[in-house]
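Fold and geometry: a report
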Amino acid sequence: MWKQVEFDLQSRRRGFHLITGEILRNLPPLPEVGLLHLFIKHTSAGLSINENADPDVRMDMESIFNHLVKECEPYYQHTLEGNDDMPAHAKSSIIGTSVTIPITNGKLNLGTWQGIYLCEFRDYGGNRQMVATISGE
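Residues numbered from 1 in each chain as written. Predicted model: local features only at pLDDT ≥ 70, side-chain atom pairs only at ≥ 80, totals over all residues. Heavy atoms only, no water.

An unreviewed UniProt entry annotates the chain as Secondary thiamine-phosphate synthase enzyme originating from Bacteroides caccae CL03T12C61. According to the UniProt record, the Sequence similarities (unreviewed entry) comment for the chain is "Belongs to the UPF0047 family." (UniProt positions renumbered as here; feature names shortened; annotations may be inferred.)

Structure (structure tokens):
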């Protein structure tokens, strides 16, 4: 069985946002066993799986990435779309645009402290388009 759905995530400010619940609300019923592949159709945001309990982790991740990839570097050539744009592209390449999660007993088989993150790297990224592909039986 294969299913694919496309949906928009609500617009969020720059940062690391826990979106597991929003993802689940947009999915059809999951098979007993399978895989969920999520893909974000953007070059300035990413997807990751990380800590779902302590919000300090999401704040620290934002700080780490802003330290690693700074705005307004003199060597950036792609600057017409704002100071946050080129750094957002670089951060998206580092994090990646997809995650794959096992499905077991009709539920996402995430660890106890794991959740799905939208990594929003633009100040005003707008709604983000997602593709969810479900395979299983």
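On to the sheet that holds strand β3 (residues 33-40), then. Overall, antiparallel pairing links the five strands, which are arranged β1-β8-β3-β5-β6 in an open sheet. Across the chains shown, the open sheet's two edge strands, defined by having one partner strand only, are β1 (2-9) and β6 (107-108). The pairing of β1 with strand β8 (residues 128-136) spans eight bridges and is classified as antiparallel. Looking across to β8, one finds that Val 5 is bridged to Ala 132. (Pairing = 2+ DSSP bridges. Helix = DSSP H or I, 4+ residues; strand = E, 2+ residues; numbered from the N terminus.)

With that out of the way, let us pick up the packing of aromatic side chains. Counted under the stated rule, the structure contains five aromatic pairs. With centroids separated by 6.1 Å and ring planes inclined at 25 degrees, the aromatic side chains of Phe 65 and Phe 121 adopt a geometry described as stacked. Here Phe 121 lies in the loop between β7 (114-120) and β8 and Phe 65 lies in helix α2 (residues 55-68), a separation of 56 residues in the sequence. Pair check on accessibility: Phe 65 and Phe 121 agree, each one buried. Measuring from centroid to centroid gives 5.2 Å for Tyr 75 and Tyr 76, while their planes differ by 80 degrees, and the two rings are edge-to-face. (Phe/Tyr/Trp six-rings, centres within 6.5 Å; stacked < 30°, edge-to-face > 60°. Buried < 20%, exposed > 50% of the residue type's maximum accessible area, 1.4 Å probe, protein only.)

Scanning all chains against the criterion turns up seven salt bridges. The shortest N-O distance in the salt bridge between Asp 84 and Arg 122 comes to 3.1 Å. Of this pair, Asp 84 sits in the loop between α2 and α3 (85-95) while Arg 122 sits in the loop between β7 and β8, and the two are 38 residues apart along the sequence. Pair check on accessibility: Asp 84 and Arg 122 agree, each one buried. Note that Arg 128 is salt-bridged to Glu 120, the shortest N-O span being 2.8 Å. (Salt bridge = Lys/Arg side-chain N within 4 Å of Asp/Glu carboxyl O.)

Looking now at unusual backbone geometry. Residue Cys 72 is not a glycine yet carries a positive backbone phi of 60 degrees. Within the fold, Cys 72 resides in the loop between α2 and α3. In this structure, Asn 105 is a non-glycine residue whose phi angle is positive, near 55 degrees. With respect to the secondary-structure elements, Asn 105 resides in the loop between β5 (98-104) and β6. On the basis of relative accessibility, which here comes to 57%, the residue Asn 105 falls in the exposed class.

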